[in-house]
Amino acid sequence: MTTLSPLLKQATPVVVDHALGSWIWGIDGERYLDFTTGIGVTSTGHCHPRVVAAAREQTGLIIHAQYTTVMHQPLLRLTAKLEEVLPARLDSVFYANSGSEAVEASIRLARMATGRPNIIAFHGGFHGRTVAAASLTSAGTKFRSGFSPIMSGVYIAPFPYAFRYGWDVATAIDFSLKELDYLLTTISSPEDTAGFIIEPVLGDGGYLPTPPRFLEGLRERADHYGIVLILDEVQAGVGRTGKFWGYQFSSADPDIIITAKGLASGFPISAIAAPRDMMSKAWPGSQGGTYGGNAVAAAAAIATLEVIRDEHLVENARIRGMQLREGLEKLSSSHPHIGDVRGVGLMQALEFVTEAGDPNQSLANAVQRSAVDQGLLLLACGALGNVIRVIPPLTVSYDEISSGLKKLDAALAMAENV
Ligand code: PMP
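**Student:** Outline the side chain of Q368, supporting the account with residue identities and numerical values.
**Tutor:** For Q368, the location among the structural elements is in helix 12 (residues 361-373). By relative accessible area, Q368 is classed as buried at 7%. Polar contacts involving the side chain of Q368 include one to the main-chain carbonyl oxygen of L378, which spans 2.8 Å. If sequence neighbours within four positions are ignored, Q368 has contacts with A11, T12, L378, L379 and I388.

Shown next as structure tokens:
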């Protein structure tokens, strides 16, 4: 009998029958509040009627209009629509299918545009699983060990993870910028450094917002040395943080934005946006792919952007994010194993610790499993798996956040009593 590969790891035993909005119904007849959104993908909730209608309509017109053979209207329309949300300087867009592919496209572009070989990524970052993207990833050895050699020319600089260092945020930022300068002096000279790549909020690495001053420090160095600043907005972008792009909490404008996940509410499409003169430094045909910028996914992305605008979902993410944060902080005051509550908008997390203050992976796992019993789907993250992330759809309501917090409280009590 052919079975699914054992190398897939499953966070929950749920087999889905159907889903709508914030809810998933299992084939067991149970209903689950989905605060995973398929790892931050179903931005407009599951099966939003306008996204479903757009995809259905496009499926009847053309499904696969291979974009280096013929051009199709959804991609032209999506590109025009992205102008409403992209910084004006990033006026040229290239499409792929997944976050990892778009990350690779950004690295290829930064190298070709600068003629330099090296990329500096930041400790705890997650940029994907393809070999080049995995080489940039330092959110856990499981993402990069066992299949070496990975891509060379990548250097990992410290990230200001204040809670881990046990420092205040200002000290962690000063330290990390100083170490970055040291890396540029001792290992990868500016003349050899094509790009910095960073997430506005470290995602799989533990839901750590990048402090604005740190991002601004990267921008200063990028300007000074002609290094390309790449913002990986794959998880934090498209409204999740309560701003359209996660970097917008700072004054550091990126040179390349990478987007995927929430862009099409679940259809696979990703993109990089950069200034046209930078894109022009790479030759035509240097990037491409069979499925990139799929017509049905592009139609779903247009509908997603329209729903986000018409239903004021960026603002909803900010307001419901505050409600969620307040509730999580309340939970942390009655559950001493919650060492840290952090995040922005609808990208919030709890870091679990032992009595001694060490990472507590077993409790985080138990909470995640107990939550399923309470009808709440959650995911863990962090290099040590001791962080629980809460990622509701941008459409989430007041009552759904309240209900999720109650379920989480019950799951915490269950897990602590095991
Ligand atoms: N970058 C970030 C910030 C991500 O969160 C992810 C996925 N978790 C990726 C890149 C890779 O995206 P994909 O899984 O679509 O390849």
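**Student:** An account of the packing of helix 7 (residues 169-186) against helix 8 (residues 212-225) is requested, with residue identities and associated values reported.
**Tutor:** Across the interface, helix 7 lies against helix 8 with an axial gap of 10 Å and an inter-helix angle of 25°. Comparing their axes, helix 8 and helix 7 come out roughly parallel. Every pair of crossing elements has a handedness; the one defined by helix 7 and helix 8 is right-handed. Contacts between helix 7 and helix 8 pair A170, I173, D174, S176, L177, L180, D181 and L184 from the former with R213, F214, G217, L218, R221 and Y225 from the latter. Here the contact of helix 7 with helix 8 is composed, by residue class, of eight nonpolar, two polar and four charged.

**Student:** Hey, could you go over the sheet that holds strand 15 (residues 376-377) for me, with residue numbers and the actual values?
**Tutor:** Consider a sheet: its strands pair through backbone hydrogen bonds, and that pairing is either parallel or antiparallel. Taken in spatial order, the four strands make up an open sheet running 1-2-3-15, and their pairing is mixed. For this open sheet the edge positions go to strand 1 (16-20) and strand 15, each flanked by a neighbour on one side alone. Of the strand pairs in this sheet, strand 2 (residues 23-26) and strand 3 (residues 31-34) are connected by three bridges, and their pairing is antiparallel. When the bridges of strand 3 are listed, W25 appears paired with R31.

**Student:** Any chance you could break down the site of the ligand for me, citing the residues and the numbers?
**Tutor:** Close contacts around the ligand come from S98, G99, S100, F126, H127, G128, E199, D204, D232, V234, Q235 and K261, and that covers them all. Taking K261, its side chain carries an N or O atom lying 3.0 Å from a nitrogen atom of the ligand. Protein contact buries 83% of the 400 Å² of open area that the ligand shows by itself. Each residue belonging to the shell around the ligand can be placed in one class, and the counts come to two nonpolar, six polar and four charged.

Conventions and cut-offs
- Residues numbered from 1 in each chain as written.
- Predicted model: local features only at pLDDT ≥ 70, side-chain atom pairs only at ≥ 80, totals over all residues.
- Heavy atoms only, no water.
- Helix = DSSP H or I, 4+ residues; strand = E, 2+ residues; numbered from the N terminus.
- Buried < 20%, exposed > 50% of the residue type's maximum accessible area, 1.4 Å probe, protein only.
- Polar contact = N/O pair within 3.5 Å; in protein donor to acceptor, adjacent residues only side chain to side chain.
- Contact = heavy atoms within 4.5 Å.
- Axes fitted to C-alpha atoms, helices over the stretch in contact; angles between N-to-C directions.
- Parallel < 35°, antiparallel > 145°, perpendicular 65-115°, else oblique.
- Left-handed = near helix turned anticlockwise from the far one by under 90°.
- Nonpolar A, V, L, I, M, F, W, Y, C, P; charged D, E, K, R; others polar.
- Pairing = 2+ DSSP bridges.
- Near = heavy atom within 4 Å.
- Areas by Shrake-Rupley, 256 points an atom, 1.4 Å probe, with all protein chains shown as cover.

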